[in-house]
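Next come the chains, spelled out residue by residue.
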Amino acid sequence: MGLLEDMKNQLDSKSLLTLSKDYAFQYIDYGKQSYGFPSNEDINNLDYFTETMPEKTGNPVEIIKCLSTYGSPATISPLNGRYYGFVTGGSLPITTAVKWLTDIWDQNAALYLTSPLSSKLEDICEKWLVELFNLPRETAVGFVSGTTMASFCALAAARNEILKRNGWDYYKSGLYGAPKLRIITSRQIHASIIKTLSLLGFGEAQIEYVDVDSTGKIIINRIPQLDPMCIVIIQAGNVNTGAFDPLSDICDMANDVNAWVHIDGAFGLWANCSKKTKPLLKGIEKASSWSVDAHKTLNVPYDNGIVACKNRDSLISAMQTNGKYLQFSHERDGMIYTNDMSRRARIVELWAAMKYLGKEGIEALINQMCELAVYCSELLKKEQFIVLNKVEFNQVLFCASDEVVTDILLKRIQNSKVFWCGGTKWNNKTAIRLSICSWLTTVDDIRITVQEISSIKRALLESEI
Ligand SMILES: *Cc1c(COP(=O)(O)O)cnc(C)c1O
């Protein structure tokens, strides 16, 4: 009884929320000044959490306190503009604020009956996104945890639909003994696509990889002869160079033979929302399905991804796993468009971001990222670095003229505490990648970042002489 009463008091007095809020406010001030990866000491302090499963009820105030004391310093702060690792979006203040509210609501967005609010907002966002991305009017949109799951849903729809067109009922007979599908994709496709293909029953050796040019784009005339059994997977935004595959021509080739084209536009699909970058997505509407993140370029908190599928019936059938277009109520039941059943009402943050920014705000956000990426590449060139990509979007890929120097430079950058970015291999050589993906990144951040890169290189070259 004591436990339940305690919890009731915690709720009624709002004491734990108040405490959490106080620590969160402290973290905002801390996080603005915390650049890069946590120190070794902060990482070692995580051992505080290592213990056997407690027998006894704990002290909630202590639990929150220890998260603040040992957890906060071991986070990667999203509250400053100098984290360029992977493709990591920040969080718009409006989205963080409404997320707090949704935490209290704790909605289950599975069905209209479990959350009419989520159902309504999903309906509205579906229409807004179809318009923003220029997709065919009949396109169905589902709200998932990220692009990996979005691609998973879209490719399940593709697989089942193509089999159906070829006289095979996947829902009844599964994949064993089914007609053979062909998977055609870029040699530079994102690792998450390989993962989803594996989950969907396709092995590495079944994939027909197409070569890319020096920028990372698919070379059109290397695409093999397509046929109606093909699923073609291309990308809008190469994770290293930001390059966009030539969508329009590839879609034409595929549509001529009734093959399926899926576009992975995790961060790049948002280019469609700016007049300057929209041409990169010419032909976007001719694909069959699309996946995109809200938690990258749009700066919505994790986990927030979007799947879009032109053939509504095929997405719903695949997610219902019964081949039938069933809906449980006259209103939208979110779960019929996604892999999940119960899931949180992540739509609220996406809706709030779009409602707040409007088309103008989204365009401004994208233009800022692109302009800073160009500026960054110019500063790097001035400092005698080699910029390896044509900066068309928000990614900057560079190296020093000597690979050994690049390797050491990358390690020192990652310990610099001035900013953080990751590395990759480009043409079998180490390259350093900066992804400008937070609304918080400013011209000053870019200047400080390139200054730091240069001074590390200078120190490195001097010490070696
Ligand atoms: C990040 C990314 C993914 C994976 O998205 P998640 O949201 O991490 O699941 C897929 N493709 C590309 C191009 C990406 O940048």
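Below or above, wherever it landed, is the structure these notes cover.

How each quantity is defined
Residues numbered from 1 in each chain as written. Predicted model: local features only at pLDDT ≥ 70, side-chain atom pairs only at ≥ 80, totals over all residues. Heavy atoms only, no water. Phe/Tyr/Trp six-rings, centres within 6.5 Å; stacked < 30°, edge-to-face > 60°. Buried < 20%, exposed > 50% of the residue type's maximum accessible area, 1.4 Å probe, protein only. Lys NZ or Arg CZ within 6 Å of the ring centre and 35° of its normal. Near = heavy atom within 4 Å. Polar contact = N/O pair within 3.5 Å; in protein donor to acceptor, adjacent residues only side chain to side chain. Areas by Shrake-Rupley, 256 points an atom, 1.4 Å probe, with all protein chains shown as cover. Pairing = 2+ DSSP bridges. Helix = DSSP H or I, 4+ residues; strand = E, 2+ residues; numbered from the N terminus. Contact = heavy atoms within 4.5 Å. Axes fitted to C-alpha atoms, helices over the stretch in contact; angles between N-to-C directions.

### Things to note about the packing of aromatic side chains
- All chains considered together, the criterion is met by 12 aromatic pairs.
- Consider the rings of Tyr48 and Phe49, whose centres lie 5.9 Å apart with planes at 90°: the pair is edge-to-face.
- Residue classification places Phe49 among the partly exposed positions, given a relative accessible area of 34%.
- Grouped by ring-pair contacts, the aromatic residues Tyr48, Phe49 and Tyr70 constitute a single cluster.
- Directly above the ring of Tyr35 sits Arg82, whose terminal nitrogen or CZ lies 4.1 Å from the centroid.
- In this arrangement the basic side chain of Lys457 is found over the ring face of Phe385, its NZ or CZ atom lying 4.2 Å from the centre.

### Let's talk about the site of the ligand
- Looking at the ligand, there are 13 residues lining it, with Thr148, Asp264, Asp293, His295 and Lys296 nearest.
- One of the side-chain nitrogen or oxygen atoms of His190 is found 3.5 Å away from a nitrogen atom of the ligand.
- Note that an oxygen atom of the ligand is positioned 2.7 Å from one of the side-chain N or O atoms of Asp293.
- Within the complex, 85% of the 380 Å² of free accessible area of the ligand lies under protein.

### Notes on the sheet that holds strand β9 (residues 395–399)
- One open sheet holds the four strands; their spatial order is β8-β9-β11-β10, and the pairing between them is antiparallel. The open sheet has two free edges, formed respectively by β8 (386–387) and β10 (422–426), since each of these has just one partner strand.
- Across four bridges, the pairing between β9 and strand β11 (residues 429–435) is antiparallel. Bridge pairing in β11 links Leu397 to Arg433.
- Helix-sheet contacts for helix α12 (residues 347–382) involve β8, β9 and β11, and the interaxial angle to β9 is about 15°.
- Here helix α13 (residues 403–414) sits on the sheet in contact with β9, β10 and β11, set at roughly 40° to β11.

So, to be careful, I would describe these as geometric facts and stop short of saying anything about function.
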